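# Structural features, examined
Here is how the chains run, residue by residue.
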Amino acid sequence: MKRPQDTIYDVCIVGSGAGGGMAAHVLTRAGADVIMLEAGPRWDNTKDSAMFKWPYESPRRGASTHERQFGEFGANLGGWSLDGEPYTTAPGERFDWFRSRMLGGRTNHWGRISLRFGPDDFRRKSIDGLGDDWPITYQDLAPYYDRVDRLIGIFGSREGLPNHPDGVFQPPPRPRCWELLIKKAADRLKVTCIPARLSILTRPLGDRAACHYCGQCSRGCATNANFTSPNVLILPALTTGKLTIKTGAMVREITTNAAGLAESVAYIDKATLREERVRARVVVLAASSCESTRILLNSRSSRFPNGLANSNGVVGKYLTDTTGTSVSGFVPALMDGVHHNEDGVGGAHLYMPWWLDNAKLDFPRGYHIEIGGGRGLPGFGVLGGIQRFPPGGGYGKQLKDDYRRYYGSVVNFAGRGEQVPNEHCYCEIDPNVVDQWGIPVLRFHWKWADHEYQQVKHMQETFRALIAEMGGTPLSPMPPAERGYGISNGGEIIHELGTIRMGNNPSTSALNRNCQAHDVKNLFVADGGPFVSQADKNPTWTILALAWRTADYIVEQRKAGAL
């Protein structure tokens with residue numbers, strides 16, 4: 001039997017999340033022989049999910065562990081800290097880098113908020129003079145958004161909002177009681193509030209069942225009703241017989257031949273600790289924006305002394321993350337709740353897209369609002385801080401009665417906003433630190449700008465106004481300016497983008513408009529790295545659409561004999 005390094009594959013894909021899974025799905029269907037390298041183990045949400053476990057089946061009642069930092073039952077192997085895999089930050093700065101180590105990556109545990117970027121999101125510099133425009137438009141990507149909607153499935157409603165494009169939607173689930181109260185408050189304050197747009201099936205699609213409303217999406221869906229890369233993209237690719245998967249493969253670098261083309265991908269086999277190589281005619285990086293950056297910067301040679309695809313020094317620059325902050329509030333109208341059915345998906349049924357004109361505000365970009373609340377299955381830490389409620393805590397029967405009275409009386413608002421790229425946010429190779437396999441690690445530099453601080457201040461004020469409109473009381477004071485108005489750490493929202501950006505000018509971008517490296521024509525990037533800007537939307541749907549478009553281009557170029 002031939003080993004992977006004895007074969008020359010048509011395409012080697014590094015990473016198996018949204019971008020890698022989509023690239024594999026498209027390329028194998030076009031007849032390409034593909035090998036996929038994944039640093040973590042195999043994961044199958046239909047077999048490995050803890051979806052049907054009760055919290056009391058865990059001695060920690062589902063609390064997080066070092067291996068699963070979103071909860072013991074979560075479908076998240078990885079985290080912000082990994083044994084033997086450090087990263088560093090510049091002195092006095094803070095960036096939190098989340099890394100998934102499992103087949104499918106973050107698609108196994110994400111919130112499945114599936115928003116298209118809008119027409120304005122591709123041309124922000126033309127609108128406000130900040131950052132850069134994308135080399136493509138919404139019209140270039142719209143057909144691929146449609147394809148993603150139909151292939152994966154998404155629910156939502158047609159609203160006709162200019163910069164929040166409608167999609168090919170399944171019917172959204174009805175709002176729950178606490179969500180209806182939030183919507184009434186939002187309507188009175190003229191804050192747009194519409195059905196959420198989540199990649200969870202409310203109607204069967206192909207051989208996938210509709211959601212049965214267990215509410216445990218973050219644990220991995222055993223019935224395959226929500227989107228994950230392993231079972232919606234990778235499994236169908238495997239059925240073509242054209243996909244080989246190598247797990248436990250920690251990629252170190254991409255090597256090039258005498259013509260300067262990508263020739264092989266070198267990786268450490270975690271099981272044997274041996275260095276192996278995969279040879280391929282085309283390489284697609286989809287390891288996540290920063291991990292792909294690390295691979296490129298470590299791919300140094302006499303021809304590429306600054307790393308691969310980095311002759312202009314742009315790789316690692318323009319790093320962005322979504323801004324974030326949140327406020328919880330106690331709402332007396334939700335006390336003493338009547339026991340009733342709160343069936344629904346593992347996420348909110350409503351959300352609030354950006355509704356204001358930035359020209360009338362003191363910050364340039366917008367945000368959307370995600371909501372939380374209700375009387376879902378209680379887990380670890382439920383009603384922690386009950387002493388903040390009117391009785392002030394207690395013990396014995398009174399405390400138990402208070403838990404029952406106040407359970408479900410808390411709502412939460414979380415903002416997710418657009419950061420303007422700035423020169424202070426970037427990553428580079430740390431010259432002194434390596435991981436347990438001897439691979440140099442990333443060092444992060446991070447600084448929020450006044451744009452983001454003012455935006456987050458507006459979030460805090462809006463959330464507190466919504467809670468007051470509901471007759472409630474915030475459970476925390478307004479964070480002061482010296483604490484950044486409660487802004488999240490860079491990286492904390494896990495939407496890092498833009499370190500291998502696309503553009504028409506080879507002197508200021510790493511990739512062209514097809515996500516193809518300017519310097520190396522058989523090298524492509526299919527994760528969040530090519531993004532030119534953030535937008536006030538979660539990036540996964542755009543990663544999927546871009547990856548499909550990139551894979552189509554690879555297919556065309558192979559047919560034309562150019563690759």
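Our structure's up above, just so we're on the same page.
Residues numbered from 1 in each chain as written. Predicted model: local features only at pLDDT ≥ 70, side-chain atom pairs only at ≥ 80, totals over all residues. Heavy atoms only, no water.

A few words now on helix α6 (residues 229-238). With respect to burial, α6 is a largely interior element, eight of its 10 residues being buried. Of all the positions in α6, only S229, P230, N231, V232, L233, I234, P236 and A237 are classed as buried. (Buried < 20%, exposed > 50% of the residue type's maximum accessible area, 1.4 Å probe, protein only. Helix = DSSP H or I, 4+ residues; strand = E, 2+ residues; numbered from the N terminus.)

This part covers the sheet that holds strand β4 (residues 88-89). Taken together, the three strands give an open sheet; going across it, the order is β4-β16-β15, and neighbouring strands pair in mixed fashion. What marks the edges here is a single partner per strand, and that holds for β4 and β15 (426-434). As paired strands, β4 and strand β16 (residues 440-445) are joined by two bridges and run parallel to one another. Counted as the bridge partner of T88 is R443 from β16. (Pairing = 2+ DSSP bridges.)

Right, let's get into the side chain of E291. Residue position: E291 is located in helix α7 (residues 289-298). Side chain to side chain, E291 and R101 meet in a polar contact 3.1 Å long. Beyond its immediate sequence surroundings of up to four residues, E291 is in contact with W97, R99, R101 and M250. (Polar contact = N/O pair within 3.5 Å; in protein donor to acceptor, adjacent residues only side chain to side chain. Contact = heavy atoms within 4.5 Å.)

Once that is clear, we can look at helix α4 (residues 138-152). The end-to-end C-alpha distance of α4, which contains 15 residues, comes to 20 Å, matching closely the 21 Å that a straight helix rising 1.5 Å per residue would cover. Within α4 the residues assigned to the buried category are Y138, L141, A142, Y144, Y145, V148, D149 and I152. The secondary structure elements touched by the buried residues of α4 are α1 (18-29), α6 and α10 (540-559). Positive backbone phi, at 95°, marks G153, one or two positions downstream of α4. (Expected span 1.5 Å × (residues − 1).)

Let us now look at the pattern of salt bridges. Two side chains with opposite charge may pair up if their charged atoms get near one another. Summed over all chains, the structure comprises 36 salt bridges. Residue R365 is joined to D128 by a salt bridge in which the shortest nitrogen-to-oxygen separation is 2.7 Å. Placement of R365 in the loop between β12 (350-352) and β13 (367-372) and of D128 in helix α3 (residues 124-128) is noted, with a sequence separation of 237 residues between them. K457 is the salt-bridge partner of E461, the closest N and O atoms lying 2.8 Å from each other. Of the two residues, E461 and K457 are both situated in helix α9 (residues 450-469); the distance of four residues between them amounts to about one turn of the helix. Owing to a relative accessible area of 36%, E461 belongs among the partly exposed residues under this scheme. Three or more residues joined by partner-sharing salt bridges are found here, namely D121, R124, D128, R365, E418, D536 and K537. (Salt bridge = Lys/Arg side-chain N within 4 Å of Asp/Glu carboxyl O.)

Residues L27, I254, M352, I369, F413 and L523 are the most contacted members of the largest nonpolar core, which totals 128 residues. Top contributing element to this core by residue count: α10, with 11 residues. Apart from residues lying up to four places away in sequence, L27 is in contact with V11, I13, A32, V34, A551, I554 and V555. Counting residues in each nonpolar core, the second largest holds 14 residues, with I113, C221, V345 and Y351 among its members. (Core = buried A, V, L, I, M, F, W, Y, C linked by side-chain atoms within 4.5 Å.)

Residue placement: V434 occurs in strand β15. With a relative accessible area of 44%, V434 lands in the partly exposed category. V434 sits 348 residues away from P86 along the chain, and the two C-alpha atoms are 7.7 Å apart. Those residues in contact with V434 that sit more than four places away from it in its chain are P86, I439, P440 and V441.

Positioned with a positive phi, N224 is a non-glycine residue whose angle comes to about 65°. Within the secondary structure, N224 is located in the loop between β6 (194-195) and α6. For L273, which is not glycine, the phi torsion reads 65° and is therefore positive. Mapped onto the elements, L273 comes out in the loop between β9 (262-269) and β10 (274-285).

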